[in-house]
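# Reading the structure
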Amino acid sequence: MKITIITITYNAEKVLRPTLQSVFRQTHDDVEHWIIDGASKDETVHIAEEYKRHNDGTDNGHEVKILSEPDGGIYLAMNKGLQRATGDYILFLNAGDTLASNDTLDEVCASVGDGEERPAVIYGDTDIVDSEYHFVRHRRLSPPKHLTWRSFRWGMLVCHQAFYARCDIAKDIPYDTQFRHSADVDWCIKVLKEGKRRHLPNRRVHAVVANFLDGGDTIQNHKDSLKERFRVMCRHYGVVTTVVMHAWFVIRGFFKK
């Protein structure tokens, strides 16, 4: 089974190498890795090209492709990746984030099963790591045993970096670029909705499949991200349900202090 990994970069020289190394070390031997760069002004593209040369000198079954040109932001860049993906499943693993172990992709592929139609989404757990890639904590929100599009009413229970979408579904659902920080939430819900429309299952990998670098875009733009997520939830679940759920979030947060 072929996995397409898309890594979005812009002036990411300080955090890119661990991401590339985590993909290079994968024992799975059918990987397409796109690095979509927004015309970085630092050494990002040089690092990516070095990685490609190193990879091309092996027989690991990985294919590295690089596109560097000006773009209009992270979600436009993600759409470029979607258009170019040729795998069976697609994963967005941005600069700074890493696959949890060398056999993560093998674990993901093994969860598909034989003799049945492939799941719409394969998903797993996420750990938070610091700038030295030391474990900080397990992500507070945990994936449910049975994931549906309605699950995201309770928050983004599956991290974007732990969400593998069937490519034939994902390619038909571009990221909504009216959002600057939360289009990934909207996209994941849409992918799950389409999977339900096709009567496809979703499959959980009972393992940590991604390490999320603490301090990403949604952390740095927390208030704007929350406002956008409210709009996304209203779009999919209605205003009343969204208001009630956010009231519950506030109450839950109060009692956890």
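Please read all numbers here as calculations on a predicted model, not as lab measurements.

The next point concerns the overall build of the protein chain. Along the backbone of the protein chain there are 9 helices and 9 strands. Against the compact-globule benchmark of 18 Å for 257 residues, the protein chain has a radius of gyration of 18 Å, which places it among compact chains. Along the longest, intermediate and shortest principal axes, the C-alpha atoms of the protein chain span 55 × 45 × 35 Å. Taken over 257 residues, the protein chain has a buried fraction of 51%. Here the analysis covers contacts within the protein chain between residues at least 6 apart in sequence; of these, 79% occur between residues at least 24 apart.

Tracing the backbone through its elements, the reader meets Leu-141 in the loop between strand E7 (135-138) and strand E8 (163-166). Distance from Leu-141 to Lys-227, taken between C-alpha atoms, is 19 Å for residues 86 residues apart in sequence.

Per the stated rule, a full pass over the model turns up 6 aromatic pairs. Measuring from ring centre to ring centre gives 5.6 Å for Trp-149 and Tyr-237, while their planes differ by 5°; the resulting arrangement is stacked. Of the two residues, Trp-149 is situated in the loop between E7 and E8 and Tyr-237 in helix H8 (residues 222-237); the sequence distance between them amounts to 88 residues. Here Trp-149 matches Tyr-237 in class, with each residue buried. In this structure an aromatic cluster arises from ring pairing among Tyr-75, Phe-92, Phe-163, Tyr-175 and Trp-187. One Lys or Arg, Lys-193, reaches over the ring of Trp-149 and ends 4.6 Å from the middle of that ring.

Criteria and thresholds
Residues numbered from 1 in each chain as written. Predicted model: local features only at pLDDT ≥ 70, side-chain atom pairs only at ≥ 80, totals over all residues. Heavy atoms only, no water. Helix = DSSP H or I, 4+ residues; strand = E, 2+ residues; numbered from the N terminus. Rg over C-alpha atoms; globule rule 2.2 N^0.38 Å. Buried < 20%, exposed > 50% of the residue type's maximum accessible area, 1.4 Å probe, protein only. Contact = heavy atoms within 4.5 Å. Phe/Tyr/Trp six-rings, centres within 6.5 Å; stacked < 30°, edge-to-face > 60°. Lys NZ or Arg CZ within 6 Å of the ring centre and 35° of its normal.

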